[in-house]
Amino acid sequence: MAKLSGAGAVAPSLLLWCCCCVLIAVLAGQPAAGDDAFERTVFEMVNVAIRGNATVQGDPRVGPALIRLLFHDCWVNGCDGSVLLDETPADGARTEKTAARSIGLGGFDLIDAIKARLASAGGGGGDASCADILAFAARDAATVLSGGRIRYAVRRGRGDGVASSAEAADAALPGPVSSFAELEESFAARGLGKGDLAALSGAHAVGACHGSSFADRLRPSVAAAYQINGTYQLALVARQKLLLLQNASDSATTMMNNVRDMDPAFRAASSYSGVGVDTAAAGALDNSYYTANLQNMVLLKSDWELTQDEDTLARLVAYRDDAARWNKDFGEAMERLSSLRPPVGARLEIRKTCRLTNLSPGRAVVHALKSFLRRRYDQISGLLKYFNAGLM
């Protein structure tokens, strides 16, 4: 936490009284000073990042990235912003974002930008924790991607963790081939149930999946066992071969999570039935995931596993048939997810920069320089590729 300036000039009893008042307000769930400005800033920046405006081109990939980023953060030792750390004095650079199960994780630059904007605005924004920023940014991303149909309450008050371990993340996060029993156990360990599992899985209506996460689903034996729709699998294999020819690297291939978001030719080749789905609403966070899953057209084995539990299967059907019910349940599950607390006794702070703890201020300068040089390198590399393409 930042030190109180001029605290020596305040009478101890008055200082203690003020601290108690603040603590009581937080425990009572009252919004902290500056919440309105904080929420307005976060929403405006998330909305512009996704949708764009007259001067900024939006990126629809940002919204799904923020929702996934929150899940990865809260699942490992509670919602403490530890997934944002590049390095810590104790864990070094092997932080959560470098874990094998964090492949493709994004949204970090937007969180940095929001933190910088809040700090420069002063008022109640400068003391915003990175964990709070992430929780609100994910909520606003869900609202924007759903066209305002998903809304839920999030309160401030999270601290920022000072530990971040890739090993801990790989041990805690569900994997793409997790069984239903493993998924249920992972949720139960965090006080969440089958209903939360079924509702939160609907987030796979948006975003993309890395090739290595669904490679197991392309084997003919998987289709033979009716664990994936055969025509969908053939379409995936054909598209994967095309992507490999274009990228020459399996690590560079990705596929849209939702068959709805694939092009019409792919959907036709898959024999996908879009009855009840707005197939023109590409990238919309809605209940279309359940239509795909009940047709056995999902990329991840862990998604297919949901259909193997009778109670959960009934929920999938209900969510497919009732969009309003899913909107409500998803919002409530996200609210519970956003409220997962760090372990009792965990050391927390309010970070000055979301990528580094306050324990190593000297590293912030080095990190800023490295980030600057990396951006310049990417820009120059892009220009060289463009120039070389023009010569060919």
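Residues numbered from 1 in each chain as written. Predicted model: local features only at pLDDT ≥ 70, side-chain atom pairs only at ≥ 80, totals over all residues. Heavy atoms only, no water.

Undergrad: Just checking my understanding: could you explain the nonpolar core for this structure?
TA: Across soluble globular proteins, nonpolar side chains have a tendency to be buried as a group. Ranked by internal contacts, the top residues of the largest apolar core, which has 70 residues, are Val 46, Leu 84, Ile 111, Ile 114, Leu 285 and Phe 330. Take this core: its biggest share by element is 11 residues, from helix α5 (residues 130-145). When we break this core down by domain, the ones giving at least three residues each are domain 1 (34-173 + 344-376) and domain 2 (176-332). Beyond its immediate sequence surroundings of up to four residues, Ile 111 is in contact with Leu 66, Leu 69, Leu 84, Ile 133, Leu 134, Ala 137 and Cys 354. Grouped together as the second largest cluster of nonpolar side chains are 20 residues, Phe 214, Tyr 232, Phe 266 and Val 277 included. (Core = buried A, V, L, I, M, F, W, Y, C linked by side-chain atoms within 4.5 Å. Buried < 20%, exposed > 50% of the residue type's maximum accessible area, 1.4 Å probe, protein only. Helix = DSSP H or I, 4+ residues; strand = E, 2+ residues; numbered from the N terminus. Domains from an automatic or database assignment. Contact = heavy atoms within 4.5 Å.)

Undergrad: Sorry, what's going on with the packing of aromatic side chains here?
TA: Counted by the stated rule, this structure contains 8 aromatic pairs. Taken together, a centroid distance of 4.9 Å and an interplanar angle of 35 degrees make the contact between Trp 326 and Phe 330 tilted. Remark: Phe 330 and Trp 326 occur in helix α15 (residues 323-338); sequence separation between them is 4 residues, near one turn of the helix. Of the two residues, Trp 326 and Phe 330, neither departs from the other in class, the shared state being buried. Through pairs of rings, three or more aromatic residues link up here, namely Tyr 289, Tyr 290, Tyr 319, Trp 326 and Phe 330. A cation sits over an aromatic face here: Lys 97 above Phe 108, 3.9 Å from the ring centre. Just above the ring of Phe 38 sits the side chain of Arg 156; from NZ or CZ to the centre is 4.3 Å. (Phe/Tyr/Trp six-rings, centres within 6.5 Å; stacked < 30°, edge-to-face > 60°. Lys NZ or Arg CZ within 6 Å of the ring centre and 35° of its normal.)

Undergrad: Even after reading the chapter, I still don't get the UniProt feature "binding site: substrate" (unreviewed entry) in the protein chain, so can you show me in this structure?
TA: Those places that UniProt annotates as "binding site: substrate" (unreviewed entry) correspond, in this numbering, to Pro 174. Here Pro 174 falls in the partly exposed class, since its relative accessible area comes to 25%. (UniProt positions renumbered as here; feature names shortened; annotations may be inferred.)

Undergrad: Would you explain the packing of helix α4 (residues 108-121) against α5 in this entry?
TA: Any two packed helices are characterised by the angle at which their axes cross and by the distance between the axes. Where α4 contacts α5, the two axes come as close as 10 Å, and the packing angle between them is 115 degrees. Crossing hand, α4 versus α5: right-handed. From α4, Ile 111, Ile 114, Lys 115 and Leu 118 reach across to α5, where they touch Cys 130, Ile 133, Leu 134 and Ala 137. In terms of residue class, the contact of α4 with α5 is built from 7 nonpolar, no polar and 1 charged. (Axes fitted to C-alpha atoms, helices over the stretch in contact; angles between N-to-C directions. Left-handed = near helix turned anticlockwise from the far one by under 90°. Nonpolar A, V, L, I, M, F, W, Y, C, P; charged D, E, K, R; others polar.)

Undergrad: Is there a simple way to explain the UniProt feature "binding site: Ca(2+) 1" (unreviewed entry) in the protein chain in this structure?
TA: Those residues carrying the UniProt feature "binding site: Ca(2+) 1" (unreviewed entry) are Asp 73, Val 76, Gly 78, Asp 80, Ser 82 and Glu 96 in this numbering. The named residues occupy 24 residues along the chain; their greatest pairwise C-alpha distance, 12.7 Å, places them in one compact cluster. Tracing the sequence through the fold places Asp 73 in helix α3 (residues 62-75). At 2.9 Å, the side chain of Asp 73 and the backbone nitrogen of Gly 81 are in polar contact. Here Glu 96 shows up in the loop between α3 and α4. Glu 96 gets classed as buried once you look at its relative accessible area, which sits at 2%. Dropping the residues within four chain positions of it, Glu 96 is found in contact with His 72, Val 76, Ser 82, Val 83, Ser 102, Ala 163, Ser 164, Ser 165, Ala 166 and Ala 169. (Polar contact = N/O pair within 3.5 Å; in protein donor to acceptor, adjacent residues only side chain to side chain.)

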